[in-house]
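Residue-level structure breakdown
Each chain, letter by letter, is given below.
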Amino acid sequence: MKKFLVLLVSICLCVGIRAQVMEPITWTAYGLTFDAPKGILIEEDTEDTFLLNNSRFYITLQSLESEDMNKEALVDLLTGLATDDEVQELTPAKDWDLPQFHVVYLKGKLDDEPCYYACLMTKEAGSVFYISIIYNRTKDEVVEKMLKSFTMEEE
């Protein structure tokens, strides 16, 4: 019985360690908010770039030139960015719509770490944002949940 209790406690601790608590975080320059791991460190918060990291995630957001950009061009843009960064094992790009954004994303590996690359295009103004999430010891579903959480303050 004692061994069983030790095993049960060990499993509970492992599950607790793997669970990722999320909280909203905002890129102040654009009012762009998404769920990020609680306590993640902000390295840079400028009008061009928003960088965050902790032991499991390295997240980059950048505002891109969006003049003459349309929804169909996002796949080529995203694939080009991933190729330029030498992302390996790229999946085909997928898309979905959020209430305020058209989203295109793909998965791959960068320096043997899994990663997601995504582009968000606002439905109203056509602004485009690039997102890179490099992660470890985290399930893909957590990253996808982060990508699906993006909202923007309406002006």
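Let me sum up the structure you'll find in this document. (Residues numbered from 1 in each chain as written. Predicted model: local features only at pLDDT ≥ 70, side-chain atom pairs only at ≥ 80, totals over all residues. Heavy atoms only, no water.)

As for the overall build of the protein
To keep it simple, the criterion reads: Working definition: helices are DSSP H or I runs of at least four residues, strands are E runs of at least two. Numbering for both runs from the N terminus. Only protein chains enter the calculation, and the probe is 1.4 Å; a residue is then buried if its accessible area is under 20% of its type maximum, exposed if over 50%, and partly exposed in between. Any pair of residues with heavy atoms lying within 4.5 Å of one another is described as a contacting pair. Only the protein chains shown count as cover for residues, and the accessible areas themselves come from Shrake-Rupley with a 1.4 Å probe.
Along the protein, the regular secondary structure elements total three helices and ten strands. Of the regular secondary structure in the protein, the N- to C-terminal order runs α-β-β-β-β-β-α-β-β-β-β-α-β. Classification of the 155 residues of the protein by burial places 38% in the buried group. In the protein, 44% of the contacts between residues at least 6 apart in sequence involve partners at least 24 apart. Accessible surface, the protein as shown: approximately 9300 Å² in total, 53% of it carbon and sulfur.

Quick notes on the nonpolar core
This is how it is decided: Grouping buried Ala, Val, Leu, Ile, Met, Phe, Trp, Tyr and Cys residues that are joined through side-chain atoms within 4.5 Å yields what is termed a nonpolar core.
Phe34, Ile59, Leu61, Ile133, Leu147 and Phe150 are the most contacted members of the largest nonpolar core, which totals 28 residues. Here this core gets four residues from one element, more than from any other, and that element is strand β9 (residues 128-135). What Ile133 contacts, discounting residues up to four positions off in sequence, is Phe57, Tyr58, Ile59, Pro114, Cys115, Tyr116, Val143, Met146 and Leu147. Counting 14 residues, the second-largest nonpolar core is a separate cluster that includes Leu78, Leu110, Cys115 and Met121.

Quick word on the pattern of salt bridges
Definition in use: In what follows, salt bridge is the name for a side-chain nitrogen of Lys or Arg lying within 4 Å of a carboxyl oxygen of Asp or Glu.
Tallied over the entire structure, the rule returns one salt bridge. For Lys107, the salt bridge goes to Asp140, with nearest N and O atoms at 2.5 Å. Taken together, the residues span a long stretch of sequence, with Lys107 in strand β7 (residues 101-110) and Asp140 in helix α3 (residues 140-147) at a distance of 33 residues. Overall, Asp140 belongs to the partly exposed group, its relative accessible area being 24%.

A word on the sheet that holds strand β3 (residues 41-45)
Strand pairing in a sheet is mediated by backbone hydrogen bonds. Such pairs are either parallel or antiparallel. The test is simple: Here, strands pair whenever DSSP counts at least two bridges between them. To obtain each axis, a line is fitted to C-alpha atoms, and for helices this fit is confined to the stretch in contact; angles are then taken between N-to-C directions over 0 to 180 degrees.
With respect to topology, seven strands assemble into an open sheet ordered β3-β4-β5-β9-β8-β7-β6, the strand pairing being antiparallel. Two strands in the sheet have a free side with no partner beyond their single neighbour: β3 and β6 (94-97). Neighbour-to-neighbour, the strand axes of this sheet turn through a mean angle of 15°, independent of strand direction. With ten bridges joining them, β7 and strand β8 (residues 113-122) adopt antiparallel strand pairing. Looking at the pairing, His102 lines up with Met121 of β8. Along the sheet face, α3 touches β5 (57-64), β6, β7, β8 and β9 and points at about 160° away from the line of β9.

Things to note about the side chain of Thr138
Relative to the elements of secondary structure, Thr138 occurs in the loop between β9 and α3. A residue is classified by how much of its surface remains accessible, and Thr138, at 14% relative accessible area, is buried. With near-sequence residues (within four places) excluded, Thr138 lies in contact with Gln20, Arg56 and Phe57.

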